[in-house]
Amino acid sequence: MIAAVAEAEPIVRGAIVQELLVAARYGWELTQQALRAEGVDPADYGPLSFVGTLQPVTRTQLTQAMGLRRTTLRDLVARLIERGHVREEPNPRDRRSTLLTLTPAGQEIFDLGLPVFRRVLAQIDAELAGRLDEHEGAVRRVRVALQGLSAD
């Protein structure tokens, strides 16, 4: 199925940004549906998955990992703390920063969503004939390049 769709579409060189945007939209829709089916709020799981994977994590590290502006992250973290899903504590290594970790309630959401996310990845891998790692590596290289250009 995927090969037939790809072969039928015209190749538009230089459309990588649009391709990534559209791919992300489809991937996010697929993930949201799967999370909702298991009773996990996708709006909570997305940010919690970053904290859960990287914890303990500073706001600066989280900003970089999520590709968000500091003000956007500030509001996001405030919401997670307010909901009781994330705690913020002083960083013992750097008194100027804090560390974010999941609370038990946040960990519960993360743990519930993780197998769902893994199933979605397995579906994507199956559609890519077991070559998800290869494609993920290419997308990561593009993301890192774009991130570097955005930092300029």
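Please refer to the structure higher up on the page.
Presented here is an overview of the structure given in this document.

Cut-offs applied
- All residue numbers here refer to positions counted from 1 along the written sequence of the relevant chain.
- With pLDDT at 70 or above as the cut-off, local features in this predicted model cover only qualifying residues; side-chain atom pairs require 80 or more to be listed or tallied, and sums for whole chains, interfaces and linings still use all residues.
- Hydrogen atoms and water are omitted, and side-chain values are computed over all heavy atoms in the structure.
- For helices the rule is a DSSP run of H or I covering at least 4 residues; for strands it is a run of E covering at least 2, with both sets numbered from the N terminus onward.
- Buried, partly exposed and exposed residues are distinguished by accessible area as a fraction of the type maximum, computed with a 1.4 Å probe on protein chains only: under 20%, between the cut-offs, and over 50%, respectively.
- Residue contacts are defined here by distance: any two heavy atoms, one from each residue, within 4.5 Å place the two residues in contact.
- In summary, the charge assignment counts Lys and Arg as positive and Asp and Glu as negative, without counting His or the chain termini.
- By convention, the point assigned to a charge is CZ for Arg, NZ for Lys, CD for Glu and CG for Asp.
- Each axis is a line fitted through C-alpha atoms, and for a helix only the stretch in contact is used; angles between axes span 0 to 180 degrees, taken between their N-to-C directions.
- Working rule for angles: under 35 degrees goes down as roughly parallel, over 145 as roughly antiparallel, 65 to 115 as roughly perpendicular, anything else as oblique.
- Two helices that cross are described as forming a left-handed crossing if the nearer one is turned anticlockwise from the farther one by less than a right angle, and a right-handed crossing if clockwise.
- Charged residues are taken to be Asp, Glu, Lys and Arg, nonpolar residues to be Ala, Val, Leu, Ile, Met, Phe, Trp, Tyr, Cys and Pro, and polar residues to be all remaining types, Gly included.
- By nonpolar core is meant a set of buried Ala, Val, Leu, Ile, Met, Phe, Trp, Tyr and Cys residues that side-chain atoms within 4.5 Å join together.
- Each patch is built from salt-bridge-free residues with over 30% relative accessible area, joining like charges within 9 Å and nonpolar side chains (Val, Leu, Ile, Met, Phe, Trp, Tyr) within 5 Å.
- All accessible areas in this document rest on Shrake-Rupley with a 1.4 Å probe, and a residue is counted as covered only by the protein chains that are shown.
- Note on definitions: salt bridges are taken to be side-chain nitrogens of Lys or Arg within 4 Å of carboxyl oxygens of Asp or Glu.

### Let's talk about the overall build of the protein chain
In step 1: Summing up its helical and strand segments, the protein chain has 7 helices and 2 strands in all.
In step 2: Ordered by position from the N terminus, the helices and strands of the protein chain form the series α-α-α-α-α-β-β-α-α.
In step 3: Across the 152 residues of the protein chain, 25% fall into the buried class.
In step 4: Considering only residue pairs separated by 6 or more positions, the protein chain has 52% of its internal contacts joining residues 24 or more positions apart.
In step 5: The protein chain carries 19 positive and 20 negative side-chain charges, and their two centres are separated by 7 Å.

### A word on the packing of helix H4 (residues 59–66) against helix H5 (residues 70–82)
In step 1: Running from amino to carboxyl end, H4 crosses H5 at an angle of 110°, the nearest separation of the two axes being 10 Å. By the angle between their directions, the pair H4 and H5 is classed as roughly perpendicular. With respect to the hand of their crossing, H4 and H5 are arranged in right-handed fashion. Across from Arg59, Thr60, Leu62, Thr63 and Met66 in H4, the residues of H5 making contact are Arg70, Leu73, Arg74, Leu76, Val77 and Ile81.
In step 2: Looking at the contact of H4 with H5 residue by residue, the classes come out as 6 nonpolar, 2 polar and 3 charged.

### Here we look at the environment of Ala43
In step 1: Its location among the elements puts Ala43 in helix H3 (residues 42–54).
In step 2: Taking relative accessible area as the criterion, Ala43 reaches 44% and is therefore assigned partly exposed.
In step 3: With 11 residues separating them along the chain, Ala43 and Gln32 place their C-alpha atoms 8.6 Å apart.

### Digging into the nonpolar core
In step 1: If you look at the biggest cluster of nonpolar residues, it comprises 17 residues, and the most contacted ones within it are Tyr45, Leu48, Val51, Leu62, Val86, Leu100 and Leu102.
In step 2: Every element with two or more residues in this core is listed here: H3, H5, strand E2 (98–102) and helix H6 (104–127).
In step 3: Discounting chain neighbours no more than four positions away, the residues touching Val86 are Leu48, Val51, Leu80, Ile81, Leu100, Thr101, Leu102 and Thr103.

### Regarding a nonpolar patch on the surface
In step 1: A surface patch of nonpolar side chains, about 320 Å² in accessible area, is lined by Leu21, Val22 and Tyr26.
In step 2: Under the relative-accessibility criterion, Val22 is labelled partly exposed at 37%.

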